[in-house]
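Descriptive analysis of the structure
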Amino acid sequence: LISGADGGAAQVTDMVKTKMEGLHKTQESLAKFKALKGHEKIESIAMGPEFTEDSLVKKLKEDLAVLEGRDAEMDALYSKNYPIRRLLRKKIQFLRKRIADLEHSAVSFALDAAKKKESLLKEAFDGAKKEASKVSGLSARYALLKKNVDTNFELHKILLKEHKEMDIRSRIALNNVTVVDPPSLPADPVWPRRGLFMVGGLFVALLGGIVVAFIVEPLDKTVQSTELVEREFKVPSLGVVPDVSRLNKFHDRRAMDAGFEFLAYDYPKSPVSDAIRNIESSILFSSMNTGVKCVVVSSASPGEGKTFIAVSLAALLTCGGTKNVCLVDCDLRRPRIHSVFDEGPNTVGLTTLLTMENAHTENVMKAHRIPGLFYMTSGPLIPDHLPLLMSERFEDVIDELRARFDFVILDAPPILGFPDTRILSRQADGVALVARQGHVSRTEYRTAAEMIASTNGGRILGVILNKARVHGSGYGYGSYYYTSSHEYYARAR
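Residues numbered from 1 in each chain as written. Predicted model: local features only at pLDDT ≥ 70, side-chain atom pairs only at ≥ 80, totals over all residues. Heavy atoms only, no water.

Bringing the overall build of the chain into the picture now. Helix and strand content of the chain: 18 helices and eight strands. A total of about 30,500 Å² of accessible surface is found on the chain, and carbon and sulfur atoms cover 58% of it. (Helix = DSSP H or I, 4+ residues; strand = E, 2+ residues; numbered from the N terminus. Areas by Shrake-Rupley, 256 points an atom, 1.4 Å probe, with all protein chains shown as cover.)

As a further point, take empty space enclosed by the protein. Under the definition given, this model contains three cavities of 30 Å³ or more. Of the voids in this model, the largest cavity is the one considered here, and its volume is about 50 Å³. Along the walls of the largest cavity sit E280, I283, L284, V292, K293, V295, L313, L317, F407 and I409, which together make up its complete lining. When residues of the lining of the largest cavity are assigned to their parent elements, the largest contribution, three residues, is made by helix α9 (residues 271-284). Grouping the amino acids of the lining of the largest cavity by side-chain chemistry returns eight nonpolar, no polar and two charged. (1 Å grid on protein atoms, 1.4 Å probe; cavity = no way out; pocket = protein on both sides within 12 Å on 5 of 7 lines; lining within 4 Å. Points joined across faces, edges and corners; volume = space filled by probe spheres on them. Nonpolar A, V, L, I, M, F, W, Y, C, P; charged D, E, K, R; others polar.)

This part is about the layout of surface pockets. Its boundaries defined by the atoms lining it, the largest pocket holds a volume of some 550 Å³. Taken together, 25 residues make up the lining of the largest pocket; nearest its centre are G303, E304, G305, T307 and R336. For the lining of the largest pocket, the secondary structure elements donating two or more residues are α10 (306-317) and β8 (460-468). Take the lining of the largest pocket: its biggest share by element is three residues, from α10.

Okay, the pairing of strand β5 (residues 373-376) next. Where strand β3 (residues 325-329) and β5 come together, four bridges link them in parallel fashion. Bridge pairing in β5 links V325 to L373. Taken together, the two bridges between strand β4 (residues 366-367) and β5 define a ladder with antiparallel strand orientation. The residue of β5 that forms the bridge with A367 is F374. Here β4 hands over to β5 after five residues, with G372 in that stretch at a positive phi of 85 degrees. (Pairing = 2+ DSSP bridges.)

Moving on: the environment of F374. For F374, the location among the structural elements is in strand β5. Judged by relative accessible area, F374 falls into the partly exposed class, the value being 25%. Residues F374 and C326 lie 48 residues apart in sequence; the distance between their C-alpha atoms is 4.8 Å. (Buried < 20%, exposed > 50% of the residue type's maximum accessible area, 1.4 Å probe, protein only.)

So, about the pairing of strand β6 (residues 407-411). In terms of burial, β6 is a largely internal element, five of the five residues being buried. Neither face of β6 is open: one carries F407, I409 and D411, the other V408 and L410, and all of them are buried. Strand direction decides the pairing type here: strand β2 (residues 294-299) and β6, joined by four bridges, are parallel. Note that in β6 the partner of C294 across the bridge is V408. Relative to β6, β3 is paired through five bridges, and the arrangement is parallel. If you follow C326 over to β6, its bridge partner there is V408.

A separate point is helix α6 (residues 226-233). Within the sequence span of α6, burial applies to T226, L228, V229 and F233. Projected down its long axis, α6 carries its buried residues within an arc of 155 degrees, all on one side. Those residues of α6 that are buried are in contact with β1 (237-242), α17 (442-453) and β8. Among the residues trailing α6, K234 stands out with phi positive, at a value near 60 degrees. (Arc of directions from axis to C-beta. Contact = heavy atoms within 4.5 Å.)

In terms of nonpolar packing, the biggest core is built from 45 residues, with V328, L350, L401, L410 and Y445 touching the most fellow members. One finds V292, L316, F341 and F407 within the second-largest nonpolar core, a separate group that totals 38 residues. (Core = buried A, V, L, I, M, F, W, Y, C linked by side-chain atoms within 4.5 Å.)

To continue, consider the pattern of salt bridges. Considering all chains together, one arrives at 15 salt bridges under this definition. Between E103 and K61 there is a salt bridge; the shortest N-O distance is 3.4 Å. Here K61 lies in helix α3 (residues 53-75) and E103 lies in helix α4 (residues 83-172), a separation of 42 residues in the sequence. We classify E103 as partly exposed; its relative accessible area is 37%. The class for K61 is partly exposed, based on a relative accessible area of 42%. The partner of R333 in a salt bridge is D420, with the nearest N and O atoms 3.0 Å apart. With R333 in the loop between β3 and α11 (337-340) and D420 in helix α16 (residues 420-425), the pair connects residues that are 87 residues apart, well separated along the chain. Linked by salt bridges that have partners in common, K306, D331 and D411 make up one network. (Salt bridge = Lys/Arg side-chain N within 4 Å of Asp/Glu carboxyl O.)

Two aromatic rings are characterised by how far apart their centres lie and by the angle between their planes. All chains considered together, the criterion is met by three aromatic pairs. Connected via pairs of aromatic rings, a cluster forms that spans F262, F341 and Y375. In this arrangement the basic side chain of R369 is found over the ring face of F262, its NZ or CZ atom lying 5.5 Å from the centre. (Phe/Tyr/Trp six-rings, centres within 6.5 Å; stacked < 30°, edge-to-face > 60°. Lys NZ or Arg CZ within 6 Å of the ring centre and 35° of its normal.)

Attention now moves to the sheet that holds β4. With respect to topology, eight strands assemble into an open sheet ordered β1-β8-β7-β2-β6-β3-β5-β4, the strand pairing being mixed. Only two strands of the sheet have a single neighbouring strand rather than two, namely β1 and β4. Bridging between β1 and β8 involves four bridges; their strand directions are parallel. Note that in β8 the partner of S237 across the bridge is V463.

On the surface, a nonpolar cluster with roughly 510 Å² of combined accessible area is contributed by V190, W191, L196 and F197. Mapped onto the elements, L196 comes out in helix α5 (residues 194-219). (Patch = residues over 30% accessible without salt bridge, like charges linked within 9 Å, V, L, I, M, F, W, Y side chains within 5 Å.)

Now for the state of the cysteines. Per the counting criterion, the structure on display carries zero disulfides. Between C294, a free cysteine, and C330, which holds the nearest cysteine sulfur, the sulfur-to-sulfur gap is 8.1 Å. Exposure remark for C330: the relative accessible area of 0% places this residue in the buried category. (Disulfide = S-S within 2.5 Å.)

On their own, these measurements won't tell you what the molecule is for.
Take a look at the structure:
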(Lines give C-alpha, C1' and ligand atoms only; values in the text may rest on other atoms or scores of the structure.)
Protein backbone atom coordinates (compact mmCIF):
# COMPACT_ATOMS: atom_id res chain seq x y z
CA LEU A 1 0.00 0.00 0.00
CA ILE A 2 2.82 2.34 0.91
CA SER A 3 4.66 1.72 -2.35
CA GLY A 4 1.39 2.08 -4.25
CA ALA A 5 0.71 5.31 -2.38
CA ASP A 6 4.16 6.69 -3.23
CA GLY A 7 3.68 5.90 -6.91
CA GLY A 8 0.24 7.52 -6.86
CA ALA A 9 1.68 10.63 -5.17
CA ALA A 10 4.40 10.97 -7.85
CA GLN A 11 1.81 10.58 -10.56
CA VAL A 12 -0.40 13.23 -8.95
CA THR A 13 2.57 15.58 -8.64
CA ASP A 14 3.38 15.27 -12.36
CA MET A 15 -0.24 15.83 -13.22
CA VAL A 16 -0.38 18.97 -11.04
CA LYS A 17 2.72 20.39 -12.75
CA THR A 18 1.19 19.76 -16.15
CA LYS A 19 -2.04 21.47 -15.09
CA MET A 20 -0.09 24.45 -13.69
CA GLU A 21 1.68 24.96 -17.00
CA GLY A 22 -1.66 24.76 -18.80
CA LEU A 23 -3.11 27.31 -16.36
CA HIS A 24 -0.23 29.75 -17.04
CA LYS A 25 -0.82 29.48 -20.79
CA THR A 26 -4.52 29.93 -20.20
CA GLN A 27 -3.88 33.12 -18.17
CA GLU A 28 -1.66 34.55 -20.93
CA SER A 29 -4.31 33.82 -23.56
CA LEU A 30 -6.99 35.36 -21.32
CA ALA A 31 -4.85 38.57 -20.92
CA LYS A 32 -4.47 38.84 -24.70
CA PHE A 33 -8.20 38.28 -25.06
CA LYS A 34 -9.06 41.07 -22.59
CA ALA A 35 -6.65 43.45 -24.31
CA LEU A 36 -8.42 42.87 -27.62
CA LYS A 37 -11.91 42.89 -26.15
CA GLY A 38 -12.39 46.68 -26.58
CA HIS A 39 -11.58 46.63 -30.31
CA GLU A 40 -14.31 47.52 -32.83
CA LYS A 41 -13.92 44.09 -34.50
CA ILE A 42 -14.18 42.18 -31.22
CA GLU A 43 -16.88 39.97 -32.61
CA SER A 44 -14.68 38.58 -35.38
CA ILE A 45 -11.72 38.13 -33.00
CA ALA A 46 -13.81 36.52 -30.26
CA MET A 47 -15.03 33.93 -32.70
CA GLY A 48 -11.49 32.41 -33.10
CA PRO A 49 -10.90 29.00 -31.53
CA GLU A 50 -7.90 30.10 -29.47
CA PHE A 51 -9.71 33.00 -27.77
CA THR A 52 -13.22 31.59 -27.42
CA GLU A 53 -14.29 31.77 -23.76
CA ASP A 54 -16.71 28.85 -24.00
CA SER A 55 -13.97 26.45 -25.09
CA LEU A 56 -11.66 27.76 -22.37
CA VAL A 57 -14.28 27.32 -19.65
CA LYS A 58 -15.09 23.88 -20.99
CA LYS A 59 -11.43 22.88 -20.86
CA LEU A 60 -11.08 24.23 -17.30
CA LYS A 61 -14.18 22.33 -16.22
CA GLU A 62 -12.74 19.11 -17.66
CA ASP A 63 -9.52 19.75 -15.74
CA LEU A 64 -11.58 20.44 -12.62
CA ALA A 65 -13.41 17.14 -13.05
CA VAL A 66 -10.12 15.25 -13.39
CA LEU A 67 -8.72 16.89 -10.25
CA GLU A 68 -11.89 16.17 -8.30
CA GLY A 69 -11.65 12.48 -9.44
CA ARG A 70 -8.06 12.33 -8.25
CA ASP A 71 -9.08 13.83 -4.93
CA ALA A 72 -11.82 11.21 -4.57
CA GLU A 73 -9.36 8.40 -5.30
CA MET A 74 -6.80 9.73 -2.78
CA ASP A 75 -9.50 10.14 -0.14
CA ALA A 76 -9.48 6.40 0.32
CA LEU A 77 -5.72 6.28 0.87
CA TYR A 78 -4.76 9.59 2.54
CA SER A 79 -6.20 11.89 5.11
CA LYS A 80 -7.38 15.41 4.38
CA ASN A 81 -4.27 16.97 5.89
CA TYR A 82 -1.95 15.11 3.62
CA PRO A 83 0.21 17.65 1.74
CA ILE A 84 -0.59 16.32 -1.68
CA ARG A 85 -4.33 16.40 -0.99
CA ARG A 86 -4.11 19.89 0.43
CA LEU A 87 -2.28 21.03 -2.73
CA LEU A 88 -4.83 19.23 -4.84
CA ARG A 89 -7.74 20.99 -3.05
CA LYS A 90 -6.08 24.39 -3.56
CA LYS A 91 -5.82 23.68 -7.28
CA ILE A 92 -9.48 22.64 -7.30
CA GLN A 93 -10.46 25.90 -5.53
CA PHE A 94 -8.33 27.92 -7.94
CA LEU A 95 -9.98 26.30 -10.98
CA ARG A 96 -13.45 26.87 -9.56
CA LYS A 97 -12.71 30.52 -8.93
CA ARG A 98 -11.14 30.91 -12.37
CA ILE A 99 -14.18 29.29 -14.03
CA ALA A 100 -16.51 31.66 -12.10
CA ASP A 101 -14.44 34.70 -13.10
CA LEU A 102 -14.41 33.62 -16.75
CA GLU A 103 -18.14 33.12 -16.75
CA HIS A 104 -18.70 36.50 -15.13
CA SER A 105 -16.33 38.25 -17.59
CA ALA A 106 -18.06 36.52 -20.52
CA VAL A 107 -21.41 37.81 -19.34
CA SER A 108 -19.98 41.36 -18.85
CA PHE A 109 -18.31 41.25 -22.26
CA ALA A 110 -21.54 40.13 -23.91
CA LEU A 111 -23.42 42.98 -22.15
CA ASP A 112 -20.83 45.59 -23.24
CA ALA A 113 -20.87 44.28 -26.80
CA ALA A 114 -24.67 44.47 -26.83
CA LYS A 115 -24.62 48.06 -25.53
CA LYS A 116 -21.99 49.07 -28.04
CA LYS A 117 -23.92 47.46 -30.85
CA GLU A 118 -27.05 49.27 -29.67
CA SER A 119 -25.18 52.62 -29.71
CA LEU A 120 -23.86 51.97 -33.23
CA LEU A 121 -27.31 51.01 -34.42
CA LYS A 122 -28.79 54.18 -32.86
CA GLU A 123 -26.19 56.38 -34.56
CA ALA A 124 -26.84 54.64 -37.86
CA PHE A 125 -30.57 55.14 -37.35
CA ASP A 126 -30.13 58.89 -36.61
CA GLY A 127 -27.91 59.30 -39.69
CA ALA A 128 -30.44 57.52 -41.84
CA LYS A 129 -33.20 59.73 -40.39
CA LYS A 130 -31.25 62.90 -41.25
CA GLU A 131 -30.53 61.65 -44.73
CA ALA A 132 -34.21 60.87 -45.17
CA SER A 133 -35.09 64.43 -44.06
CA LYS A 134 -32.59 65.89 -46.55
CA VAL A 135 -33.90 63.69 -49.31
CA SER A 136 -37.43 64.84 -48.51
CA GLY A 137 -36.40 68.56 -48.69
CA LEU A 138 -34.47 68.02 -51.90
CA SER A 139 -37.40 66.22 -53.40
CA ALA A 140 -39.71 69.17 -52.66
CA ARG A 141 -37.19 71.64 -54.11
CA TYR A 142 -36.72 69.41 -57.15
CA ALA A 143 -40.45 69.36 -57.71
CA LEU A 144 -40.63 73.19 -57.48
CA LEU A 145 -37.70 73.69 -59.88
CA LYS A 146 -39.14 71.15 -62.30
CA LYS A 147 -42.43 73.03 -62.24
CA ASN A 148 -40.64 76.32 -63.01
CA VAL A 149 -38.71 74.69 -65.83
CA ASP A 150 -41.88 73.32 -67.34
CA THR A 151 -43.60 76.72 -67.06
CA ASN A 152 -40.68 78.55 -68.67
CA PHE A 153 -40.51 75.94 -71.41
CA GLU A 154 -44.18 76.44 -72.24
CA LEU A 155 -43.76 80.26 -72.17
CA HIS A 156 -40.74 79.97 -74.47
CA LYS A 157 -42.77 77.90 -76.92
CA ILE A 158 -45.57 80.51 -76.94
CA LEU A 159 -43.13 83.42 -77.47
CA LEU A 160 -41.28 81.55 -80.20
CA LYS A 161 -44.56 80.86 -81.96
CA GLU A 162 -45.61 84.54 -81.78
CA HIS A 163 -42.18 85.62 -83.06
CA LYS A 164 -42.48 83.31 -86.04
CA GLU A 165 -45.98 84.60 -86.77
CA MET A 166 -44.84 88.24 -86.62
CA ASP A 167 -41.90 87.45 -88.89
CA ILE A 168 -44.22 85.85 -91.44
CA ARG A 169 -46.66 88.80 -91.29
CA SER A 170 -43.83 91.31 -91.78
CA ARG A 171 -42.62 89.43 -94.86
CA ILE A 172 -46.01 89.26 -96.55
CA ALA A 173 -47.14 92.84 -95.63
CA LEU A 174 -47.49 95.24 -98.58
CA ASN A 175 -45.50 98.53 -98.71
CA ASN A 176 -48.05 101.37 -98.99
CA VAL A 177 -45.65 104.34 -98.49
CA THR A 178 -45.64 106.93 -101.31
CA VAL A 179 -43.62 110.16 -101.75
CA VAL A 180 -46.02 113.11 -101.71
CA ASP A 181 -43.47 116.00 -101.80
CA PRO A 182 -39.73 115.55 -102.46
CA PRO A 183 -37.35 117.25 -99.95
CA SER A 184 -35.52 120.49 -100.74
CA LEU A 185 -32.26 122.00 -99.39
CA PRO A 186 -32.93 124.96 -96.96
CA ALA A 187 -31.32 128.30 -97.79
CA ASP A 188 -30.85 129.47 -94.15
CA PRO A 189 -29.89 127.50 -91.03
CA VAL A 190 -32.83 126.35 -88.95
CA TRP A 191 -30.92 126.45 -85.62
CA PRO A 192 -29.80 128.56 -83.83
CA ARG A 193 -31.96 131.61 -84.44
CA ARG A 194 -29.49 134.42 -83.96
CA GLY A 195 -31.93 137.29 -84.04
CA LEU A 196 -34.20 135.71 -81.46
CA PHE A 197 -31.26 134.87 -79.24
CA MET A 198 -29.85 138.42 -79.44
CA VAL A 199 -33.19 139.95 -78.53
CA GLY A 200 -33.62 137.47 -75.69
CA GLY A 201 -30.09 138.14 -74.41
CA LEU A 202 -30.66 141.91 -74.41
CA PHE A 203 -33.93 141.45 -72.57
CA VAL A 204 -32.35 139.18 -69.94
CA ALA A 205 -29.43 141.60 -69.47
CA LEU A 206 -31.81 144.53 -69.04
CA LEU A 207 -33.94 142.57 -66.60
CA GLY A 208 -30.82 141.53 -64.64
CA GLY A 209 -29.65 145.14 -64.41
CA ILE A 210 -33.03 146.23 -63.13
CA VAL A 211 -33.03 143.45 -60.53
CA VAL A 212 -29.51 144.39 -59.36
CA ALA A 213 -30.35 148.09 -59.24
CA PHE A 214 -33.68 147.86 -57.45
CA ILE A 215 -33.46 144.63 -55.45
CA VAL A 216 -29.87 143.52 -54.81
CA GLU A 217 -28.40 146.94 -54.10
CA PRO A 218 -30.98 147.89 -51.43
CA LEU A 219 -30.57 144.51 -49.78
CA ASP A 220 -26.78 144.98 -49.47
CA LYS A 221 -26.32 146.33 -45.94
CA THR A 222 -22.50 146.53 -46.06
CA VAL A 223 -20.35 149.64 -46.46
CA GLN A 224 -19.62 150.01 -50.18
CA SER A 225 -18.47 153.66 -50.51
CA THR A 226 -17.24 156.58 -48.44
CA GLU A 227 -20.05 158.72 -49.86
CA LEU A 228 -22.52 156.42 -48.10
CA VAL A 229 -20.62 156.83 -44.81
CA GLU A 230 -20.53 160.62 -45.17
CA ARG A 231 -24.22 160.74 -46.03
CA GLU A 232 -25.59 158.35 -43.38
CA PHE A 233 -23.12 158.67 -40.49
CA LYS A 234 -21.80 162.24 -40.98
CA VAL A 235 -18.20 160.96 -40.88
CA PRO A 236 -15.67 162.51 -43.29
CA SER A 237 -13.77 160.38 -45.78
CA LEU A 238 -9.98 160.16 -45.39
CA GLY A 239 -9.35 158.19 -48.56
CA VAL A 240 -9.71 154.96 -50.48
CA VAL A 241 -7.12 152.16 -50.69
CA PRO A 242 -7.52 149.80 -53.66
CA ASP A 243 -7.38 146.03 -53.39
CA VAL A 244 -3.65 145.31 -53.67
CA SER A 245 -4.23 141.73 -54.87
CA ARG A 246 -6.08 143.09 -57.95
CA LEU A 247 -3.21 145.40 -58.98
CA ASN A 248 -0.52 142.82 -59.69
CA LYS A 249 0.56 144.45 -62.93
CA PHE A 250 1.59 147.65 -61.09
CA HIS A 251 3.87 145.88 -58.59
CA ASP A 252 6.78 143.51 -58.48
CA ARG A 253 5.73 139.90 -57.93
CA ARG A 254 8.43 139.40 -55.27
CA ALA A 255 7.07 142.34 -53.30
CA MET A 256 3.60 140.84 -53.47
CA ASP A 257 4.84 137.59 -52.00
CA ALA A 258 6.74 139.35 -49.20
CA GLY A 259 3.68 141.25 -47.88
CA PHE A 260 1.85 144.50 -48.52
CA GLU A 261 2.71 146.60 -45.44
CA PHE A 262 5.81 148.32 -46.95
CA LEU A 263 4.55 148.32 -50.53
CA ALA A 264 3.55 152.00 -50.39
CA TYR A 265 7.06 153.04 -49.30
CA ASP A 266 9.06 150.69 -51.55
CA TYR A 267 7.04 151.67 -54.66
CA PRO A 268 6.34 155.42 -54.35
CA LYS A 269 4.69 155.61 -57.80
CA SER A 270 2.30 152.73 -57.22
CA PRO A 271 -1.46 153.21 -56.76
CA VAL A 272 -1.25 152.06 -53.15
CA SER A 273 1.40 154.65 -52.35
CA ASP A 274 -0.73 157.44 -53.85
CA ALA A 275 -3.78 156.24 -51.92
CA ILE A 276 -1.85 156.28 -48.61
CA ARG A 277 -0.51 159.77 -49.48
CA ASN A 278 -4.09 160.97 -49.89
CA ILE A 279 -4.98 159.54 -46.47
CA GLU A 280 -1.90 161.21 -44.97
CA SER A 281 -2.91 164.58 -46.39
CA SER A 282 -6.49 164.15 -45.17
CA ILE A 283 -5.31 163.39 -41.64
CA LEU A 284 -2.86 166.32 -41.53
CA PHE A 285 -5.46 168.74 -42.90
CA SER A 286 -8.31 167.45 -40.74
CA SER A 287 -7.44 169.93 -37.97
CA MET A 288 -5.51 172.95 -39.17
CA ASN A 289 -5.65 174.76 -35.82
CA THR A 290 -4.50 172.16 -33.29
CA GLY A 291 -2.71 169.72 -35.59
CA VAL A 292 -2.59 165.92 -35.36
CA LYS A 293 0.37 164.11 -33.83
CA CYS A 294 -1.12 160.95 -32.27
CA VAL A 295 -3.57 158.86 -34.31
CA VAL A 296 -5.35 155.62 -33.35
CA VAL A 297 -5.97 153.27 -36.28
CA SER A 298 -8.80 150.81 -35.65
CA SER A 299 -11.79 149.10 -37.28
CA ALA A 300 -15.26 147.97 -36.33
CA SER A 301 -14.56 144.23 -36.68
CA PRO A 302 -11.51 141.99 -37.28
CA GLY A 303 -10.09 141.33 -40.75
CA GLU A 304 -10.52 144.81 -42.25
CA GLY A 305 -6.81 145.66 -42.71
CA LYS A 306 -6.16 148.15 -39.90
CA THR A 307 -2.58 146.92 -39.31
CA PHE A 308 -1.79 147.27 -43.04
CA ILE A 309 -3.07 150.88 -43.02
CA ALA A 310 -1.21 151.73 -39.78
CA VAL A 311 2.17 150.40 -41.01
CA SER A 312 1.80 151.95 -44.49
CA LEU A 313 0.79 155.33 -43.00
CA ALA A 314 3.68 155.30 -40.50
CA ALA A 315 6.18 154.50 -43.28
CA LEU A 316 5.04 157.42 -45.48
CA LEU A 317 4.76 159.92 -42.62
CA THR A 318 8.57 159.75 -42.29
CA CYS A 319 8.80 161.83 -45.50
CA GLY A 320 12.01 160.14 -46.53
CA GLY A 321 13.69 160.50 -43.14
CA THR A 322 12.84 164.15 -42.43
CA LYS A 323 10.23 163.18 -39.81
CA ASN A 324 10.44 160.76 -36.89
CA VAL A 325 7.44 158.47 -36.59
CA CYS A 326 6.72 155.92 -33.84
CA LEU A 327 4.41 152.96 -34.45
CA VAL A 328 3.08 151.32 -31.25
CA ASP A 329 1.28 147.98 -31.20
CA CYS A 330 -1.56 148.61 -28.72
CA ASP A 331 -3.48 145.49 -29.79
CA LEU A 332 -2.78 143.50 -26.62
CA ARG A 333 -5.27 140.81 -27.62
CA ARG A 334 -3.94 139.68 -31.01
CA PRO A 335 -0.80 141.67 -31.89
CA ARG A 336 0.74 141.60 -35.39
CA ILE A 337 3.42 144.30 -35.46
CA HIS A 338 6.17 141.91 -34.32
CA SER A 339 5.37 139.53 -37.21
CA VAL A 340 5.16 142.39 -39.74
CA PHE A 341 8.62 143.63 -38.74
CA ASP A 342 9.91 140.04 -38.51
CA GLU A 343 10.92 140.33 -34.86
CA GLY A 344 10.55 136.69 -33.92
CA PRO A 345 9.37 136.01 -30.34
CA ASN A 346 7.38 138.90 -28.84
CA THR A 347 9.33 139.11 -25.57
CA VAL A 348 9.86 142.88 -25.05
CA GLY A 349 7.39 145.65 -25.80
CA LEU A 350 4.66 147.91 -24.45
CA THR A 351 3.63 145.62 -21.60
CA THR A 352 7.27 145.41 -20.49
CA LEU A 353 7.42 149.22 -20.35
CA LEU A 354 4.16 149.44 -18.36
CA THR A 355 4.84 146.65 -15.85
CA MET A 356 8.56 147.08 -15.07
CA GLU A 357 9.57 150.15 -13.10
CA ASN A 358 13.16 150.24 -14.34
CA ALA A 359 12.16 149.86 -18.03
CA HIS A 360 12.68 152.86 -20.32
CA THR A 361 11.45 153.72 -23.78
CA GLU A 362 14.91 153.22 -25.27
CA ASN A 363 14.89 149.60 -24.04
CA VAL A 364 11.77 148.62 -26.00
CA MET A 365 11.92 151.02 -28.95
CA LYS A 366 13.49 149.67 -32.17
CA ALA A 367 14.50 151.39 -35.40
CA HIS A 368 13.53 150.11 -38.82
CA ARG A 369 15.42 150.14 -42.11
CA ILE A 370 13.20 153.03 -43.22
CA PRO A 371 14.88 156.25 -42.00
CA GLY A 372 12.88 157.94 -39.25
CA LEU A 373 10.58 154.92 -38.57
CA PHE A 374 10.61 153.47 -35.06
CA TYR A 375 8.30 150.81 -33.69
CA MET A 376 7.30 149.28 -30.37
CA THR A 377 5.79 145.79 -30.22
CA SER A 378 3.08 144.75 -27.77
CA GLY A 379 5.37 142.64 -25.60
CA PRO A 380 4.30 139.55 -23.64
CA LEU A 381 0.52 139.22 -23.40
CA ILE A 382 -1.05 139.39 -19.95
CA PRO A 383 -4.57 138.29 -18.95
CA ASP A 384 -5.86 141.66 -17.66
CA HIS A 385 -4.24 144.48 -19.66
CA LEU A 386 -7.00 147.11 -19.42
CA PRO A 387 -5.71 148.56 -16.12
CA LEU A 388 -2.35 149.13 -17.85
CA LEU A 389 -3.99 151.20 -20.61
CA MET A 390 -5.92 153.23 -18.01
CA SER A 391 -2.91 153.85 -15.79
CA GLU A 392 -0.95 157.08 -15.42
CA ARG A 393 2.13 155.20 -16.59
CA PHE A 394 0.56 154.77 -20.03
CA GLU A 395 -0.31 158.49 -20.14
CA ASP A 396 3.31 159.32 -19.33
CA VAL A 397 4.51 156.99 -22.10
CA ILE A 398 2.21 158.66 -24.66
CA ASP A 399 3.34 162.13 -23.51
CA GLU A 400 6.97 161.05 -23.83
CA LEU A 401 6.38 159.73 -27.33
CA ARG A 402 4.61 162.97 -28.33
CA ALA A 403 7.60 164.95 -27.15
CA ARG A 404 10.19 162.77 -28.91
CA PHE A 405 8.47 162.05 -32.24
CA ASP A 406 6.70 164.09 -34.87
CA PHE A 407 3.92 161.52 -35.26
CA VAL A 408 2.69 158.60 -33.12
CA ILE A 409 0.53 155.85 -34.68
CA LEU A 410 -1.32 153.48 -32.33
CA ASP A 411 -2.49 150.15 -33.81
CA ALA A 412 -5.60 149.34 -31.73
CA PRO A 413 -7.88 146.25 -31.59
CA PRO A 414 -11.38 146.27 -33.14
CA ILE A 415 -13.95 148.51 -31.51
CA LEU A 416 -16.95 146.19 -31.29
CA GLY A 417 -16.78 143.97 -28.25
CA PHE A 418 -13.59 145.49 -26.77
CA PRO A 419 -13.11 148.74 -24.78
CA ASP A 420 -9.42 149.12 -25.74
CA THR A 421 -9.93 151.58 -28.62
CA ARG A 422 -12.22 153.82 -26.54
CA ILE A 423 -9.55 153.99 -23.84
CA LEU A 424 -6.81 154.75 -26.37
CA SER A 425 -8.91 157.44 -28.10
CA ARG A 426 -8.72 159.59 -24.94
CA GLN A 427 -4.91 159.72 -25.25
CA ALA A 428 -4.84 160.44 -29.02
CA ASP A 429 -5.83 163.33 -31.24
CA GLY A 430 -8.29 161.23 -33.19
CA VAL A 431 -9.31 157.83 -34.47
CA ALA A 432 -9.04 156.70 -38.10
CA LEU A 433 -11.63 154.01 -38.79
CA VAL A 434 -10.74 151.38 -41.42
CA ALA A 435 -13.69 149.79 -43.23
CA ARG A 436 -13.21 146.98 -45.72
CA GLN A 437 -15.53 147.35 -48.69
CA GLY A 438 -18.38 144.85 -48.58
CA HIS A 439 -17.18 143.34 -45.28
CA VAL A 440 -18.55 145.41 -42.39
CA SER A 441 -22.28 146.09 -42.15
CA ARG A 442 -23.72 149.56 -41.77
CA THR A 443 -25.17 148.67 -38.39
CA GLU A 444 -21.76 147.57 -37.10
CA TYR A 445 -20.09 150.68 -38.45
CA ARG A 446 -22.76 152.96 -36.95
CA THR A 447 -22.34 151.26 -33.55
CA ALA A 448 -18.55 151.63 -33.67
CA ALA A 449 -18.76 155.33 -34.64
CA GLU A 450 -21.26 156.04 -31.88
CA MET A 451 -19.07 154.29 -29.31
CA ILE A 452 -16.06 156.48 -30.22
CA ALA A 453 -18.16 159.64 -30.36
CA SER A 454 -19.69 158.94 -26.93
CA THR A 455 -16.26 158.59 -25.31
CA ASN A 456 -15.07 161.60 -23.34
CA GLY A 457 -12.28 163.06 -25.45
CA GLY A 458 -12.86 160.62 -28.33
CA ARG A 459 -12.82 162.03 -31.85
CA ILE A 460 -13.25 160.38 -35.25
CA LEU A 461 -10.92 161.82 -37.88
CA GLY A 462 -12.66 159.94 -40.69
CA VAL A 463 -13.13 156.64 -42.46
CA ILE A 464 -10.64 154.82 -44.71
CA LEU A 465 -12.21 152.44 -47.25
CA ASN A 466 -9.84 149.49 -47.72
CA LYS A 467 -9.70 146.85 -50.48
CA ALA A 468 -11.91 148.91 -52.78
CA ARG A 469 -12.66 147.76 -56.31
CA VAL A 470 -11.12 150.40 -58.60
CA HIS A 471 -13.31 149.72 -61.64
CA GLY A 472 -16.90 150.79 -61.36
CA SER A 473 -16.52 151.79 -57.73
CA GLY A 474 -18.08 155.21 -58.17
CA TYR A 475 -15.11 157.22 -56.95
CA GLY A 476 -14.27 160.30 -58.97
CA TYR A 477 -10.67 159.40 -59.56
CA GLY A 478 -10.91 155.62 -59.16
CA SER A 479 -11.68 154.25 -62.58
CA TYR A 480 -9.69 156.74 -64.64
CA TYR A 481 -6.81 157.24 -62.21
CA TYR A 482 -5.95 153.59 -61.60
CA THR A 483 -6.43 152.45 -65.20
CA SER A 484 -5.09 155.41 -67.16
CA SER A 485 -2.42 157.20 -65.16
CA HIS A 486 -0.86 154.05 -63.72
CA GLU A 487 -0.81 152.30 -67.09
CA TYR A 488 1.76 154.93 -68.00
CA TYR A 489 3.67 154.14 -64.80
CA ALA A 490 3.63 150.42 -65.51
CA ARG A 491 4.97 150.92 -69.06
CA ALA A 492 7.71 153.26 -67.77
CA ARG A 493 8.89 150.69 -65.31
